[in-house]
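Topology and contacts: notes
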Amino acid sequence: AQVPGSAKNSPLRPSGLVDGTADRPMRGLSRGACLLVFLDALLCSRSTLSVAPPECPHSTGFDRFAETLHLRFLPHAHSPRLFLARFDFEIEANLSPEFRADQFDLFPKSIGKLLNAHQSIVSFEAALTQGRWKDEEWGPPPREFRPPGALLVSAIDSDDSGEVSLAWKYLISALSGSLCASFEGMDPDLGASSSRGRPLGVPWAESGKQLRFANLPYEPVCTENLTPWMKLLPCGDQAGLARLISPIPVAESPLVTLSLSVHVQESKVVMHASLDVVLPLSSAALGFNAWFGADATYVPCPASDSSSVRLWSHDQPTLDLLNTTAPVTVGPLAGSDGYVVAFRMQDFTQLQGSIDVPTKGEQGPAPWSGALSGRQHLSSDRLSVMRDLLSQEGKSERTHGRYLLRFTNPGTGVMRRVLFMDQLPFFIRPLWHTFHATFQGPSGAVEEAAGVAAMQRLELQFVPSDGGKLPTEVFLSVDVPAGGTVNIFMDVLKNFLQLREFSSACEKGFDVGSAAWLEQELPQGTGGSKPQIKTEPPRVSRAAFIASLAQTGSEWRLRFTEGLLVLVPMPDFSMPFNVLALTSTAVTFFFGSIFRLLAAGRLPHWVLKKEDVKGSRFKSVFRRLSVVALLGGAYLLAVTSDQAILALREQLPEVIAGHVVDNLMALKPHVA
């Protein structure tokens with residue numbers, strides 16, 4: 001939004017500032033040169049210590065750092081009351097010989113060395129998003145947020161594929177360390193899989209330029225990303241607006257977007273670092289502490305040229321309403337009927353009625369007043385793109401599907417040109433013979449095309465998969481008239497995946513990254529009232545692409561769809577366990593049987609062994625005496641004559657005499 005009074009003489013700038021550097025200490029080479037001159041004068045002059053240091057000219061080569069805080073309420077969130085806070089930091093450095101020699105002032109060293117080592121990188125944007133903007137609850141978003149996960153967009157000035165690939169690798173490696181995120185998953189040389197994102201180039205880029213993007217829809221965002229991001233700022237989290245960022249509320253927020261963008265221009269390089277977060281308003285405090293908690297304190301950053309706060313309101317507030325004597329700037333909000341109120345941060349901390357500023361008036365705060373009155377979107381004239389993967393009637397959703405793409409231009413009198421780019425993962429196989437498109441004009445007349453005719457009408461280009469794990473790249477362009485709709489259908493097959501490709505939540509399905517499109521408004525009266533066949537292929541310049549990243553481009557706008565959650569055929573996850581259990585059981589029985597036969601010998605099995613029980617001493621003596629008596633009886637029988645044995649017949653009772661004598665006579669030959 002363009003705010004009146006934002007020039008150098010704005011009341012938002014402290015008095016006495018000239019180009020934002022008058023109240024800052026001299027840094028870098030100028031300070032060192034002044035110190036050397038002063039030492040030379042001190043050592044070489046015969047005067048005393050009354051020698052004054054020489055006047056050093058003011059250097060204009062310092063970096064400039066500005067920070068801005070945007071605050072606006074969410075109209076539909078009442079319990080608790082939510083607001084959207086955007087912390088915006090900007091560092092601007094001159095492309096001087098000192099910068100190219102890795103001598104930096106406020107610019108982050110890790111980013112500056114990357115730009116110097118690979119000067120073909122002229123622009124990039126890295127974004128980490130957790131959650132989605134809830135249109136049905138909060139109304140249309142004030143700006144377009146990036147899709148959930150990790151996103152990287154870059155512009156590289158080179159037509160050499162080797163140099164572009166090398167610059168891309170260094171870029172993702174530097175961002176992985178600077179943001180503590182998995183941007184290295186975007187490296188195509190690490191191998192293709194369902195959990196990696198491959199970069200997708202823009203085929204409409206001008207000659208000698210490489211524009212590409214990649215996203216990781218599964219990348220989580222937490223406070224571990226916030227800590228290294230704040231270290232890129234001159235004062236870190238110790239002073240300035242970054243001091244107000246509390247990690248725990250950010251982690252609990254329903255929407256967090258962390259972004260870092262760098263744009264290299266002819267004579268300077270600009271870095272933007274922003275944090276968009278939805279936070280609850282504290283009802284137990286007033287003013288500044290109601291926004292950021294009772295323990296929040298603001299300490300100015302010495303390196304900052306300006307630190308301002310902008311509140312968004314539906315009605316134009318007055319100084320009596322603001323109840324402040326501090327200098328403020330009130331201006332209309334571009335593109336809507338709202339207003340923005342700008343403060344210096346030091347004055348905002350003393351304002352007790354700041355929580356009432358955005359809610360004054362009978363209607364809700366802009367730009368959501370249309371949502372409160374029942375309209376679906378205030379920005380209903382924007383082009384909408386719906387991308388989905390539907391099921392086919394009579395077929396399983398896990399094996400078959402239908403790719404749907406719909407472009408809707410509800411605007412009045414404005415035709416829009418769309419350059420669409422998408423990637424279908426390797427497990428989604430498109431059936432190109434089923435390609436079908438319908439074109440509906442503002443009058444309601446529908447025109448259908450199928451097969452090659454539809455592909456030519458949409459200037460379809462695609463790079464098929466290699467049959468392995470590389471995705472299918474799809475590119476098309478179409479002009480959508482005002483009030484028109486273009487629908488595209490295509491059947492797809494879902495391939496079977498190996499067991500190791502699935503995550504722990506196998507029933508959830510697979511995350512498919514977002515698609516992107518470049519959108520351009522065509523002049524009035526171009527092409528009539530129905531989609532046209534273009535005679536010349538469109539071209540996207542580097543400058544227009546860079547402007548689209550900042551969402552300020554008037555020629556092209558880079559936008560993204562939501563990601564997809566795709567169900568695929570699932571293997572029998574119990575089969576590995578069943579095979580292992582059966583194999584282990586068979587091996588155990590076989591080994592046990594062979595070991596018992598070959599290694600155990602004649603020893604009884606441990607199951608059959610009986611526990612030794614010690615007997616009494618009497619039994620032991622009795623056994624020994626019995627053995628001695630048995631041996632003595634045998635000896636006595638051997639030395640006794642047959643006549644003596646026969647004489648026992650007459651001495652013993654008649655009942656046993658015969659039986660005993662006969663047994664003794666039969667046993668005597670064996671013991672004699």
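Here, the structure is the one placed above.
Remember, predicted model here, so these are calculated numbers, not experimental data. (Residues numbered from 1 in each chain as written. Predicted model: local features only at pLDDT ≥ 70, side-chain atom pairs only at ≥ 80, totals over all residues. Heavy atoms only, no water.)

**Some words on helix 6 (residues 223–230)**
As a reminder of what qualifies: For every residue, the accessible area (1.4 Å probe, protein chains only) is compared with the maximum for its type, and the residue is labelled buried under 20%, exposed over 50%, or partly exposed between those bounds. Numbering of helices and strands starts at the N terminus; helices are DSSP runs of H or I of at least 4 residues and strands are runs of E of at least 2. Two residues qualify as a contact provided that any one of their heavy atoms is within 4.5 Å of a heavy atom in the partner residue.
Regarding helix 6, the residues found buried are Asn225, Leu226, Pro228, Trp229 and Met230. Where helix 6 is buried, its residues touch strand 2 (81–94), strand 3 (121–130), helix 5 (161–179), helix 7 (247–252), strand 7 (256–264) and strand 8 (268–280).

**Brief notes about the pattern of salt bridges**
So the rule is basically this: Only one rule defines a salt bridge in this text: a Lys or Arg side-chain nitrogen within 4 Å of an Asp or Glu carboxyl oxygen.
Taken as a whole and judged by the stated rule, the model has 23 salt bridges. Measuring nitrogen to oxygen at the nearest pair gives 2.6 Å for the salt bridge that ties aspartate 276 to arginine 86. With aspartate 276 in strand 8 and arginine 86 in strand 2, this residue pair connects regions lying 190 residues apart in the sequence. Residue classification places aspartate 276 among the buried residues on the basis of a relative accessible area of 2%. The class of arginine 86 is buried, set by a relative accessible area of 16%. Within the structure, one salt-bridge network assembled from shared partners comprises Glu144, Arg382, Arg416, Glu519, Glu521, Arg557 and Arg559.

**Details of the pairing of strand 22 (residues 516–521)**
In plain terms, the rule: Strands are labelled as partners when DSSP assigns at least two bridges between them.
Here strand 22 lies mainly inside the structure; 5 of its 6 residues are buried. Pairing geometry for strand 14 (residues 416–424) and strand 22, over 6 bridges, is antiparallel. Along strand 22, the bridge assignment pairs methionine 421 with alanine 516. By the bridge criterion, 4 bridges tie strand 22 to strand 23 (residues 557–560) in an arrangement that is antiparallel. When the sheet's bridge partners are listed, tryptophan 517 is paired in strand 23 with arginine 559.

**Describing the environment of serine 306**
In this structure, serine 306 sits in strand 9 (residues 306–313). Assessed through its relative accessible area of 18%, serine 306 is described here as buried. Linking serine 306 and methionine 345, residues 39 residues apart in sequence, is a C-alpha distance of 8.7 Å. Those residues in contact with serine 306 that sit more than four places away from it in its chain are Phe65, Ala66 and Glu67.

**Here we look at the side chain of asparagine 215**
Along the chain, asparagine 215 turns up in strand 6 (residues 210–216). Sequence-distant contacts of asparagine 215, defined by excluding residues within four places in its chain, comprise Ala150, Leu151, Met186, Gly197, Gly513 and Ser514.

**A few points about the state of the cysteines**
For the record, the criterion: Counting rule for disulfides: a pair of cysteine sulfur atoms within 2.5 Å.
Per the stated rule, a full pass over the model turns up 1 disulfide. The thiol of cysteine 180 is not disulfide-bonded; the next cysteine sulfur, from cysteine 222, is found 9.9 Å away. Classification of cysteine 222 as partly exposed rests on a relative accessible area of 43%.

By themselves these figures say nothing about function.
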